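Observations on the model geometry
Below, each chain spelled out in residue letters.
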Amino acid sequence: MVKKQDAIYAAPLEEIIDFRFDERVVDVFPDMIQRSVPGYGTLISTIGVLAARYAQADSHCYDLGCSLGAVTLSMRHHIKQTGCDIIAVDNSKAMIERGEQLLQSDTSSVPVMMQCADIQNVDINNASVVVLNFTLQFIPLADRLALIERIYKGLLPGGILILSEKIAFADSLHNDFHIDVHHDFKRANGYSDLEISQKRSALENVLIPETLSEHKKRLQGAGFDFIDTWYQCFNFVSMVAVK
Ligand code: GEK
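Scope of this entry: the structure provided in the associated data block.

**Description of helix α5 (residues 141-154)**
- Here α5 spans 21 Å end to end across 14 residues, near enough to the 20 Å set by a 1.5 Å rise per residue.
- Among the residues making up α5, those that are buried are Arg 144, Leu 147, Ile 148, Ile 151, Tyr 152 and Gly 154. Each buried residue of α5 lies within a common arc of 165° when the element is viewed along its axis, so the set occupies one face. Across α5 from its buried face, at more than 90 degrees, point the exposed residues Ala 142 and Lys 153.
- Next to the buried residues of α5 lie β1 (60-64), β4 (127-133), β5 (155-168), β6 (210-211) and α8 (212-222).

In C-alpha cells form, the structure reads like this:
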C-alpha cells in the first residue's frame, strides 16, 4: 500500500477542533500512526503472534477499534486453529469502508466480519482473543469498566485480552519525561513543532490516558487472573490479561 503523508496539522489552524477519525484522517492513517506510535509495526506483528497462541478452535477473535484492520490482518495470517473467525469493529464509517477495500486484496482464508458500530454496544461472545489496540483511550472514562467487564464475560476460559494504550504517569517528573521523548520521536519522524502542538490540542479532550496502575486495577476488578505488560516504549504500552 502506498502511504500518503500526514500533513493535517502542518499549516497553522485558526481554530483547533476535536480530533475525529474522518475521511481526511483515513487517507493518511497508516503514515500517521506509524510516525506517531513508537513500535507500531512491532505491536501489530506481535499481536498476531500472541493471537496465534491464544486463539481457540471454533471461537471468535475480536479487533475492537480496528481502524483499517492492521491487527485483523496480522491475526488472520498467524492464526492456525480451525473454525476461527475475526470480528473487526470501528465506529468510523470512513475507516470501515477503506478497511473493507484493503481486506479484499488480502489472501488469507480466515473469515472476517467488519462492522461499523460502537464497541460499547457490540455483543462479545465465545471469544478467545480480544484486542483493543489504542482504542480504550477514546472511550469515556466512566464507561471503560463496563466495557472491560463485558469483554471478560465474553471471553472463554484461557482467553486473552490484549490492551494497548498511551499512558499517563502519576508524577510530573515521569509524565513530562515520557511526553518529551515521545515528541522527540515524532520530530525524528518529520513532524514539526507546530504539527505536534496542534495535534496535541486536537486530542486533548478526546484521548484520555490513564496510568498503568489504573489499567491493571480495572483489569483485576473485572476478574482477570493473569495481567502483565509485554511492551513499552515511552508512554505507549501493551498489556495482556488472561481469563
Ligand atoms: C490499529 N487498532 O491500527 N467504537 C468503535 N470504534 C471506536 C470507538 C468506539 N466507541 N471510539 C474510537 N474508535 C488500530 C488503531 S485508532 C488509535 C486504533 C489511534 C475507533 C476510532 O474510530 C479509530 O479508528 C480507533 O478506534 C482508534 O491497530 O488512532 O490512536
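**Considering the site of the ligand**
- Taken together, 22 residues are adjacent to the ligand, and Tyr 40, Gly 65, Ser 67, Asp 90 and Asn 133 come closest.
- Interatomic distance of 2.5 Å between a side-chain N/O atom of Tyr 40 and an oxygen atom of the ligand.
- At a separation of 2.8 Å, a nitrogen atom of the ligand approaches a polar backbone atom of Gly 65.
- Compared with its free state, where it exposes 660 Å², the ligand has 93% of that area covered by protein.

**What to know about the pairing of β4**
- Counting buried positions along β4 gives seven out of seven residues, so the element sits mostly inside the fold.
- As defined by bridge partners, β1 adjoins β4 across four bridges and the pair is classed as parallel. If you follow His 60 over to β4, its bridge partner there is Ala 127.
- Sheet analysis places β4 next to β5, joined by six bridges and oriented parallel. Bridging across to β5, Leu 132 finds its partner in Leu 163.

**A few points about the packing of helix α1 (residues 23-36) against helix α6 (residues 172-188)**
- Contact pair α1 / α6: the axes reach a minimum separation of 8 Å and the direction vectors enclose 130°. For the element pair α1 / α6, the angle class is oblique. Residues Gln 34, Arg 35 and Ser 36 of α1 lie in contact with α6, whose contacting residues are His 182, Phe 185 and Lys 186.
- When grouped by side-chain class, the residues that make up the contact of α1 with α6 number one nonpolar, three polar and two charged.

Rules used throughout
- Residues numbered from 1 in each chain as written.
- Predicted model: local features only at pLDDT ≥ 70, side-chain atom pairs only at ≥ 80, totals over all residues.
- Heavy atoms only, no water.
- Helix = DSSP H or I, 4+ residues; strand = E, 2+ residues; numbered from the N terminus.
- Expected span 1.5 Å × (residues − 1).
- Buried < 20%, exposed > 50% of the residue type's maximum accessible area, 1.4 Å probe, protein only.
- Arc of directions from axis to C-beta.
- Contact = heavy atoms within 4.5 Å.
- Near = heavy atom within 4 Å.
- Polar contact = N/O pair within 3.5 Å; in protein donor to acceptor, adjacent residues only side chain to side chain.
- Areas by Shrake-Rupley, 256 points an atom, 1.4 Å probe, with all protein chains shown as cover.
- Pairing = 2+ DSSP bridges.
- Axes fitted to C-alpha atoms, helices over the stretch in contact; angles between N-to-C directions.
- Parallel < 35°, antiparallel > 145°, perpendicular 65-115°, else oblique.
- Nonpolar A, V, L, I, M, F, W, Y, C, P; charged D, E, K, R; others polar.

Remember, this is a structural readout, not a statement about activity or role.
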